[in-house]
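# Coordinates in review
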Amino acid sequence: MPNVFVNYRTGDEESAATMIARELARRFADERVFFASNSIEPGRRFPVELVRAVEECEALLAVIGPRWAEVRGSDGRPALEAEQDWTRREIHTALDRGVLVIPVLVGKATRIDRTLLPDDLLELADCQYRRFDHRNAESDLTALGDTLARLLPELGAVDRYARAVRERAEEKSRKKSARDAGHTRMRTRDVKQRVRGGIGNLNGDLSGTFVNEPQGPVNTGWGHQYNAPHFEGDNTGVQFTAGDNSGTVHQRFERERRPSDDGR
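I will try to describe carefully the structure that is included in this document.

Thresholds applied
- Residues numbered from 1 in each chain as written.
- Predicted model: local features only at pLDDT ≥ 70, side-chain atom pairs only at ≥ 80, totals over all residues.
- Heavy atoms only, no water.
- 1 Å grid on protein atoms, 1.4 Å probe; cavity = no way out; pocket = protein on both sides within 12 Å on 5 of 7 lines; lining within 4 Å.
- Points joined across faces, edges and corners; volume = space filled by probe spheres on them.
- Helix = DSSP H or I, 4+ residues; strand = E, 2+ residues; numbered from the N terminus.
- Nonpolar A, V, L, I, M, F, W, Y, C, P; charged D, E, K, R; others polar.
- Salt bridge = Lys/Arg side-chain N within 4 Å of Asp/Glu carboxyl O.
- Buried < 20%, exposed > 50% of the residue type's maximum accessible area, 1.4 Å probe, protein only.
- Pairing = 2+ DSSP bridges.
- Right-handed = clockwise from strand over helix to strand, strands pointing away.

## With respect to the layout of surface pockets
By volume, the largest pocket amounts to about 400 Å³. If you go around the largest pocket, you meet 20 residues; those closest to its centre are Asp30, Glu31, Val33, Phe34 and Ser39. Among the secondary structure elements, those contributing two or more residues to the lining of the largest pocket are helix H1 (14–28), strand S2 (33–34), helix H2 (36–39) and helix H3 (46–56). Of the residues assigned to the lining of the largest pocket, the class counts are nine nonpolar, three polar and eight charged. The computed volume of the second largest pocket comes to approximately 310 Å³. Within the residue set of the lining of the second largest pocket, elements represented by two or more residues are strand S1 (4–7), H3 and helix H4 (86–96). Across the lining of the second largest pocket, the residue classes tally to nine nonpolar, four polar and four charged.

Next up, the structure:
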């Protein structure tokens, strides 16, 4: 059973009625909001569905824009004057059954002109209204939803439950973020402690090369590592270097001299 029936006139602010129905369905659930183009299943008889939805709802929102009383029917007369006009019939049924009727004035519609209403809708002009402006859509939709949650106990309960669920989810997300941040700080501190006593190169973001307690030749830069002995020297001899980080052997080999022509 829908709690709210969204009534509107084709040719006058259908877009506003769609936005209102969509937001209320998002906030309170689809099945609690009746909007003819969405709520009547294919193959259903719309006259029966419309009458039943109006009779079962707790509140009817009459969406009224600047052209609401001006839109004309197939006979060229204002549609509002025809007794079989569905917009008129829905409002009349709600008023007749004592359903809460809330006019929603859209855009430049500033008031309901009593002189334009048929006799069975005169009471509509006495109903306190709400406003909806596309420029303030978010705040106006929130205010309309708050009004319905306050006036209709069942919607109020749904709204409180949904709010509690959102708050619990947000609190859980905040706690998870705090735990993740704590784990990151602990990992950073652990890595910094392990760096002590080691050798290598660590950048500020903990990237780079780090070697702890090396047991052999170490290359901390780019390229291949060569463990072969290294020879260096000049014309007087050759220096040989070999070993690992625990000790290095240095040997010097004198080159054999050959006698020169002058005997030296």
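Picking up after the structure, the text goes on.
## Focus: the pattern of salt bridges
For the coordinates displayed, the defined rule picks out twelve salt bridges. The closest approach of N and O atoms between arginine 135 and aspartate 133, which form a salt bridge, is 3.0 Å. Given a relative accessible area of 18%, aspartate 133 falls into the buried group. A salt bridge links aspartate 180 to lysine 176, with the nearest nitrogen and oxygen atoms 3.1 Å apart. With a gap of four residues between them, aspartate 180 and lysine 176 both fall in helix H6 (residues 153–195), about one helical turn apart. We classify aspartate 180 as partly exposed; its relative accessible area is 36%. Under the relative-accessibility criterion, lysine 176 is labelled partly exposed at 45%. Taken together, the shared-partner salt bridges connect Arg27, Asp146, Asp159 and Arg163 into one network.

## A closer look at the pairing of strand S3 (residues 59–64)
Regular strands have side chains that alternate between both faces of the sheet. Within S3, six of the six residues are buried, which leaves it mostly tucked inside the rest of the structure. Neither face of S3 is open: one carries Ala59, Leu61 and Val63, the other Leu60, Ala62 and Ile64, and all of them are buried. As defined by bridge partners, S1 adjoins S3 across four bridges and the pair is classed as parallel. Along S3, the bridge assignment pairs asparagine 7 with alanine 62. The pairing of S3 with strand S4 (residues 100–106) spans six bridges and is classified as parallel. In the sheet register, leucine 61 faces S4, and the bridge partner there is isoleucine 102. Of the crossover connections in this fold, the one passing from S3 over H4 to the parallel S4 is right-handed.

Honestly, it's all geometry; don't read function into it.
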